[in-house]
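Here is what each chain is made of, one letter per residue.
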Amino acid sequence: MDHLLALVVTVPLIAAAAITAAGPLFGTRRQVLDAVAIAVAASVTVMLAVIMVRTAGGDEVYWFGGFRPVRGVAIGIDFEAGSLSTGLACLAALLVTTAMTFSWRYFERVATHYHTLMLTFLAGMAGFCLTGDVFDMFVWFELMGVSAYALTAYRPEERGPIQGALAFAITNSVGAYLSLSGIGLIYGRTGALNMAQIGVYIDHHRPDGLVTVAFLLIISGFLIKGAIVPFHFWLADAHAVAPTPVCVLFSGVMVELGLYAIARVYWSVFGQALGHRAAISHVFLALGVLTAVVGALFCFRERHVKRLLAFSTISHAGMFLAGITLLTPSAWPAPPSTWPAMAWLRRPCSCAPGSCCTGSARSTRPGCTAAAATCAPPAWSLPWPRSGWPISRRSPLFSARASSTTAPGRTDCRGSWACSSPALSWSAAPCSGWQGACSKASATRLRRTPGWPRWPPRRPAKPNRTSSIPRSP
Amino acid sequence: MTVAVTTPYTALTDVVVEAAVTSLLLALAVQAHKRFGTLDPQELASLKG
C-alpha cells in the first residue's frame, strides 16, 4: 500500500500550513489561492479513489513509522482502508472540492484562513474514516470539530454565527469529552487503543460493567455528532449561520460520519461479546425512529430554509440509524450506500439559497426540499459491492488470532440484529412515510408562502404587435 | 507494559488537542461578549427558529 494512505491526510495538512504561511504573498491574487486549495482537495479525492480501487480485493492496513504490532500488541497507529471507510473519505474529499469550487463565486472577498480551515476539515474527516485506533479517532474527531466550529463562526462581526458556533462547539465538546472518558476506561481495562486489539481482548474476557459504561460513553459522543435526538439541536443553529459551502459539508458528510463511528465502534470493538444486544438494538432503533419523526416535525414547522434543511438532515440521520440497527453486521454498509445520494442532492439544495442571497431565508428554489426528502430509497433494498466490516477483526494482523481463539458463535453475529425485534422493525416503515410526508408538506407550504419566487421563473411576455402602442408618425 | 509505554504520548496528544479546542472556545466567548455585551446564555438569543 506504499505511503498513499499517509499522504491522504498529510497533503491537506501541509498545504493548509503552507497557505497560512504564504498568505501575505498571495495578496490580492485570490484566484491563485482558490486554485491551490481546490487542486489539493481534488488530489486527495483522486488518491482516495485510487485506494478505493486498490482495496476492492481486500482491506489494507498501513502502520505509521513502520511500528508494526509485535505478538499481537500494537504500539503504533494504523490506517485501515476498506471499501466503506475509503469510500466515505472519498465522498468527503469530493464534497470539499465542490464546496470550494462553489465558494470561488460565493465569497466576494475571502480570507486565507478559510482555505486553511477547509483543508484541515478535510484532513480531519479523512483521518476519522480511515483510522484503526480509537484514541486516534478521538483526535481526528476533535480536529474535524475545531475546523467546523471556526468555519461556522466565519463571520464573527455578526451575532448569529457567534451564537451558532458557540452552541455547536460546546455541545460537540461535551460529546468529545464523553468519548474521551469512555476511551480512558476501555484503555485502563484492556491496555490497548487499537480497535482490533481491544476487540480481541473483549472476545477473550467476559466484559464487565466497566466495559459497558465505556461503550455507552463512547457512543454518546458519536450520537451527538450524528445529531440524534435528544442531541440534535446544535445542527440547526450551526447550519443556519454557517457559510453555505460549509453547510454542504455539515449535512452532506459530517453528520453521517457520527453514525459511521457508532457502527464501527460497536461492531469492530465491542461486537457481540458485549451482550445485551437485544436491548442495545431496541434503544438504537427507538432513537432512530424518534429522530426521524421529531426531525420531520420540526422540518414541517420551520420557515427558515437552512434550518429546514438542517431538520431534514436530522430526520434522515434518524432513518440511517434505524437502518443500521435493523441490518446485520455484514450488510450494514447498505445505509451508507445512500449517503452519496443524499450528499449530492443536499449540495444543490444548500447552495441554492446561498447563491442567491448568502443564506437568507427565502431565495431557494421551491421543490428542492422535496427532492432532498425523497432522495434516500429504502436502505435495505440497495446492494453494496462487498461486506466491508468489521475491518479490524479481518485485518491481516489480527484475523488469525481472533479466528483461532474466539469461542464459536461470538464473532459470527449475522442475523442477530435483524431478528431481535420484528415489531420495532416494522415501525420504521410508517416512520419513513411520515418523514417523507412532512418534508414534502414543508416544501409545499414554503412554495405557497407569499413572496416566494416561482420556479421555474415565468418568461417575460412577448410584446403584442397589435397592441395599442403609439407609433411614431 | 503497553499501557506504561503509550500513556505519556496519549496524554500529551490529548493536552494538545484540548488546548486547541479550549482556545477556540475562549475566542468564541470573547467574541460573544463583544457582540452581545454579556455571556449569560439566556441573553444570547439572536437565533430563533
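For clarity, every value in this text was computed on a predicted model and none was experimentally measured.

J.: How would you sum up the overall build of chain B? Please name residues and give values.
T.: Each helix and strand in chain B was counted, giving one helix and zero strands. Sorting the 49 residues of chain B into buried and exposed places 6% on the buried side.

J.: How would you sum up the overall build of chain A? Please name residues and give values.
T.: When its secondary structure is counted, chain A shows 17 helices and two strands. Taken across its 473 residues, chain A has 56% of its residues classed as buried. In chain A, once contacts between residues fewer than 6 apart in sequence are set aside, the share between residues at least 24 apart is 82%.

J.: Can you explain the nonpolar core? Please cite residues and give values.
T.: Ranked by internal contacts, the top residues of the largest apolar core, which has 145 residues, are Ala89, Ala92, Ala93, Leu122, Met125 and Ala126 of chain A. Sort the elements by how many residues they give to this core and helix α11 (residues 244-270) of chain A lands first, with 19 residues.

J.: An account of the packing of helix α1 (residues 4-21) of chain A against helix α3 (residues 30-54) of chain A is requested, with residue identities and associated values reported.
T.: Residues and elements named next belong to chain A. Running from N to C, α1 and α3 point in directions that differ by 175°, and their axes come no closer than 9 Å. Comparing the axis directions of α1 and α3 gives the class roughly antiparallel. Only Leu33, Val36, Ala37, Val40, Ser43, Val44, Met47, Leu48, Val50 and Ile51 of α3 make contact with α1, whose side of the interface consists of Leu4, Leu5, Leu7, Val8, Val11, Pro12, Ala15 and Ile19. Grouping the amino acids of the contact of α1 with α3 by side-chain chemistry returns 17 nonpolar, one polar and no charged.

J.: Could you give me a rundown of unusual backbone geometry, with the residues and numbers involved?
T.: Residues and elements named next belong to chain A. Residue Pro230 is bonded to the preceding Val229 through a cis peptide linkage, with omega at 10°. Here Pro230 shows up in the loop between α9 (209-225) and α10 (233-241). If you check the backbone angles, Ala227 has positive phi at about 55° while not being a glycine. Along the polypeptide, Ala227 turns up in the loop between α9 and α10.

J.: Let's hear about the interface of chain A and chain B: which residues, and what values?
T.: Taken together, the contacts link 29 residues of chain A with 20 residues of chain B. Counting residues per element, the ones that place at least two in the side of chain A that touches chain B are α6 (134-152), α7 (159-190) and α10 of chain A. No other element matches the nine residues that α7 of chain A contributes to the side of chain A that touches chain B. For the side of chain A that touches chain B, a count of residues per class yields 18 nonpolar, six polar and five charged.

J.: How would you sum up the confidence of the model for chain A? Please name residues and give values.
T.: With 69% of its residues at a pLDDT of 70 or more, chain A shows a mean pLDDT of 77. A low-confidence stretch, residues 353-421 of chain A stays under pLDDT 50, and its non-local contacts, those more than four residues away or across chains, total 166 contacts.

J.: Before we move on, can you summarise α6 of chain A with the specific residues and values?
T.: An ideal rise of 1.5 Å per residue puts 27 Å on 19 residues; α6 of chain A measures up with 27 Å between its terminal C-alpha atoms. In terms of residue burial, α6 of chain A counts as a mostly covered element, since 19 of its 19 residues are buried.

J.: Mind laying out the packing of α9 of chain A against α11 of chain A, listing which residues take part and the relevant values?
T.: Residues and elements named next belong to chain A. Where α9 meets α11, the closest approach of the two axes is 7 Å, and the angle between their N-to-C directions is 160°. Comparing the axis directions of α9 and α11 gives the class roughly antiparallel. The interaxial crossing formed by α9 with α11 has left-handed handedness. On α11, the residues that touch Phe215, Ile218, Ile219, Phe222, Leu223 and Lys225 of α9 are Leu257, Gly258, Ala261, Ile262, Val265 and Phe270. Each residue belonging to the contact of α9 with α11 can be placed in one class, and the counts come to 10 nonpolar, one polar and one charged.

J.: Outline the environment of Phe36 of chain B, supporting the account with residue identities and numerical values.
T.: Mapped onto the secondary structure, Phe36 of chain B falls in helix α1 (residues 2-36). By C-beta crowding, Phe36 of chain B is classed as partly exposed, having 16 other C-beta atoms within 10 Å. Those residues in contact with Phe36 of chain B, other than ones at most four positions away along the chain, are Arg159 of chain A together with Glu43 and Leu44 of chain B.

J.: Explain the environment of Gly164 of chain A to me, and be specific about the residues and the numbers.
T.: All names here are of chain A. Inspection of the secondary structure puts Gly164 in helix α7. Classification of Gly164 by C-beta neighbours within 10 Å gives buried; the count is 25. Distance from Gly164 to Tyr187, taken between C-alpha atoms, is 34 Å for residues 23 residues apart in sequence.

J.: Which residues make up α1 of chain A, and what values do they have?
T.: Residues and elements named next belong to chain A. In this model, α1 (18 residues) spans 25 Å end to end at C-alpha, consistent with the 26 Å of a helix rising 1.5 Å per residue. Thr10 marks where α1 bends most, by close to 30°; the proline Pro12 follows one to four residues later. Here α1 has its buried residues at Leu5, Val8, Val9, Pro12, Ala15, Ala16 and Ile19. Packed against the buried residues of α1 are α2 (23-26), α3, β1 (60-63), β2 (78-81), α4 (83-106) and α5 (112-130).

J.: Describe the pairing of β2 of chain A, listing the residues and the values that go with them.
T.: The two faces of a sheet get side chains in turn, since along a regular strand they alternate between them. All names here are of chain A. Of the two faces of β2, the one carrying Asp78 and Glu80 and the one carrying Phe79 and Ala81 are both buried. Taken together, the four bridges between β1 and β2 define a ladder with antiparallel strand orientation. When the bridges of β2 are listed, Glu60 appears paired with Ala81.

Calculation notes
- Every chain's residues receive numbers from 1 upward, in the order its sequence appears when written.
- Chain labels run from A onward and ligand labels from 1 onward, assigned in the order the entries are written.
- This being a predicted model, a pLDDT of at least 70 is required before a residue's local features are given, and a value of 80 or more before pairs of side-chain atoms are given or counted; all residues contribute to the totals for chains, interfaces and linings.
- Every helix listed is a DSSP run of H or I at least four residues long, and every strand listed is a run of E at least two residues long, numbered separately from the N terminus.
- Partly exposed residues are those whose C-beta has more than 12 but fewer than 20 other C-beta atoms within 10 Å; with 20 or more the residue is buried, with 12 or fewer it is exposed, and the C-beta atoms are placed from the backbone.
- Working definition of a contact: two residues with C-beta atoms, positioned from the backbone, lying within 7 Å.
- Definition of nonpolar core: a set of buried Ala, Val, Leu, Ile, Met, Phe, Trp, Tyr and Cys residues joined via C-beta atoms within 7 Å.
- For helices, the fitted line uses only the C-alpha atoms of the stretch in contact; every axis is such a line through C-alpha atoms, and the angle between N-to-C directions lies from 0 to 180 degrees.
- Any angle from 65 to 115 degrees is called roughly perpendicular, while one under 35 is roughly parallel, one over 145 is roughly antiparallel, and all others are oblique.
- Under the scheme applied, nonpolar residues are Ala, Val, Leu, Ile, Met, Phe, Trp, Tyr, Cys and Pro; charged residues are Asp, Glu, Lys and Arg; polar residues are all the others, including Gly.
- Scored from 0 to 100, pLDDT records how confident the predictor is in each individual residue.
- One fewer than the residue count of a helix, multiplied by 1.5 Å, yields its expected span.
- It is the rotation of the near helix from the far one that decides the hand of a crossing: anticlockwise by less than a right angle makes it left-handed, clockwise makes it right-handed.
- In this analysis the local bend is the angle between axes fitted, respectively, to the seven residues ending at and the seven residues starting at the residue.
- Strand pairing follows a simple DSSP-based rule, namely that at least 2 bridges must link the two strands.

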